[in-house]
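Coordinates in review
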Amino acid sequence: MERVPVLSLGDALLVSIQVDLQDNTVLALQEDLAERIVSTGARGVLIDISAVDIVDSFIGRMFASIAALSRLLDAETVVVGMRPAVAITLVELGLSLDGVRTALDVERGMKILRALSDRRGLPVADELDDDLVPVAEGGGPAAGA
Amino acid sequence: MTTSTGVEELPIRTGDDVVRVRQLVRARAQEVRLSLVDQTKLVTAASELARNTLVHGGSGTATVETLTRDGRSGIRAVFADEGPGIPDVDQALTPGWTSGSGLGLGLSGARKLVDEFAIDTAVGRGTTVTVVKWTR
Ligand SMILES: Nc1ncnc2c1ncn2[C@@H]1O[C@H](COP(=O)(O)OP(=O)(O)O)[C@@H](O)[C@H]1O
Ligand SMILES: [Mg+2]
């Protein structure tokens, strides 16, 4: 079974799906992501599906599950790059993907993650605001005080 | 009159087999120049039906062939298993109904995504689902 690699980018996780997804690969990705969100403290997950040529009900459910579980672990998920033919097919299949945030491409997806994270007062990726002291890092105010 | 060429059969015993079925259906759909949207619909239907053959039927086969009729081409895909069969086909075709832990959208969704759809099933004997998608 092939595994989908999960990359860390600042405090976001980046998943670019480049393989033909069989069901066990889908389940493994879900588990890997849950573990990585916790171990890295990631606040955002970006899933790039621009190379994915079909999304059936099993794969579609994965997006909804990842969105739900990341929320439980205090992170947000954005799915980017869905092909038009895939979107048309998903609608006809009857899968609405309620609760799954989407964006047209990686850049816009990162923008969404940053905006969400700003609202919480925490930085994502390399968008560190100079005025903010990252609370989880370096053991507190010593550096700035 | 409908003529059929290039019959190919694949086993469905593992998740990787389901991926191979998708790839074969995609290749054949491209060969007859189905539009990209129609290819995507057919491959998605095939993915759902191949998974059903594996998960509900236990294992089985997919048979793919190219059809021609009145100057149009099409792809027929047949998913066959000798599993438990479907006791109530109407119920199984109800969107959202599942006997297991799925979403219950595979069978109903596959029917919407293709031009022709037929189920032949008998309890204790097995299930065969046939789909066809034609060029426009
Ligand atoms: N090949 C099959 N053999 C036996 N039962 C089947 C088969 N295909 C579908 N079914 C039945 O029809 C139901 C609906 O199928 P489907 O819409 O694909 O939903 P799901 O696979 O998510 O349960 C299944 O839960 C199962 O009970
Ligand atoms: Mg199914």
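We now turn to the structure provided with this report. Quantities reported herein were computed from a predicted structural model and do not represent experimental measurements. (Residues numbered from 1 in each chain as written. Chains lettered and ligands numbered in written order. Predicted model: local features only at pLDDT ≥ 70, side-chain atom pairs only at ≥ 80, totals over all residues. Heavy atoms only, no water.)

As for the layout of surface pockets
Using the following cut-off: Of the two site types, the cavity is a set of points on a 1 Å grid over the protein atoms alone where a 1.4 Å probe fits but cannot get out, and the pocket is an open set with protein on both sides within 12 Å along at least five of seven lines, each lined by residues with an atom within 4 Å of a point. Grid points are joined across faces, edges and corners, and a volume is the space filled by probe spheres set on the points. By the criteria applied, helices consist of DSSP H or I runs no shorter than four residues and strands consist of E runs no shorter than two, each listed in order from the N terminus. Residues were grouped as follows: Ala, Val, Leu, Ile, Met, Phe, Trp, Tyr, Cys and Pro as nonpolar; Asp, Glu, Lys and Arg as charged; and all remaining residues, including Gly, as polar.
Size it by volume and the largest pocket reaches roughly 720 Å³. Asn 52, Val 55, His 56, Thr 98 and Ser 99 of chain B are the residues nearest the centre of the largest pocket, which is lined by 34 residues in total. Elements with a contribution of two residues or more to the lining of the largest pocket: helix H2 (57-72) of chain A together with helix H2 (36-55), strand E3 (72-81), helix H3 (89-92), helix H4 (106-113) and strand E5 (126-134) of chain B. Counting residues per element, the lining of the largest pocket draws most heavily on H2 of chain B, which supplies six residues. Tallied by class, residues from the lining of the largest pocket come to 13 nonpolar, 15 polar and six charged.

So, the interface of chain B and chain A
Under the convention used in this document: The criterion used for residue contact is that any of the two residues' heavy atoms lie within 4.5 Å. Buried area: the sum, over both parts, of the accessible surface (1.4 Å probe) that disappears when the two are put together. Counted as salt bridges are all cases of a side-chain nitrogen of Lys or Arg within 4 Å of a carboxyl oxygen of Asp or Glu. Here a polar contact is recorded for every N or O atom pair within 3.5 Å, except that within protein the pair must consist of a potential hydrogen donor and a potential acceptor, and residues adjacent in sequence are included only if both atoms are side-chain atoms.
If you look at the interface, chain B gives 23 residues, while chain A gives 20 residues. In this assembly, chain B packs against chain A so that about 1,900 Å² is buried in total across both faces, 55% of it on carbon and sulfur atoms. Summed over the shared surface of chain B and chain A, the result is five salt bridges. Across the salt bridge formed by Asp 23 of chain A and Arg 51 of chain B, the nearest N and O atoms sit 2.6 Å from each other. At the junction of chain B with chain A, the criterion picks out 11 residue pairs in polar contact (both at pLDDT 80 or more). Contributing elements (two or more residues each) for the side of chain B that touches chain A: helix H1 (15-31), H2 and H4 of chain B. Broken down by element, the residue count for the side of chain B that touches chain A peaks at nine residues, all from H2 of chain B. Partitioned by chemical class, the residues of the side of chain B that touches chain A number eight nonpolar, eight polar and seven charged.

Some details on the packing of helix H3 (residues 84-93) of chain A against H2 of chain B
Cut-off, in case you're wondering: Lines fitted to the C-alpha atoms define the axes, with helices restricted to the stretch that makes contact. Angles between their N-to-C directions range from 0 to 180 degrees. What sets the label is the angle itself: under 35 degrees gives roughly parallel, over 145 gives roughly antiparallel, 65 to 115 gives roughly perpendicular, and the rest give oblique. Each crossing gets its hand from how the near helix is turned against the far one by less than a right angle, where anticlockwise is left-handed and clockwise is right-handed.
One can describe the packing of H3 of chain A onto H2 of chain B by two numbers: an axis separation of 9 Å at closest approach and a directional angle of 50°. Considering the angle they form, H3 of chain A stands oblique to H2 of chain B. Both H3 of chain A and H2 of chain B take part in a crossing whose hand is right-handed. Judged by residue contacts, Ala 85, Val 86, Ile 88, Thr 89, Glu 92 and Leu 93 of chain A of H3 of chain A engage Leu 36, Val 37, Thr 40, Lys 41, Thr 44 and Glu 48 of chain B from H2 of chain B.

Some remarks on the site of ligand 1
Residues and elements named next belong to chain B. Convention followed: Here a residue is considered near a molecule or strand provided that any single heavy atom belonging to it is located within 4 Å of it. More than half of a molecule's atoms within 2 Å of the grid points is what it takes for that molecule to sit in a cavity or pocket.
Every one of the 17 residues lining ligand 1 counts as a neighbour, but Asn 52, His 56, Thr 98, Ser 99 and Leu 107 are closest to it. At 2.9 Å, a backbone N or O of Gly 104 approaches an oxygen atom of ligand 1. Leu 107 is positioned with one of its backbone polar atoms (N or O) 2.9 Å from an oxygen atom of ligand 1. Mapping ligand 1 onto the cavity grids shows that it belongs to the largest pocket. Looking at side-chain class alone, the shell around ligand 1 contains six nonpolar, 10 polar and one charged residues.

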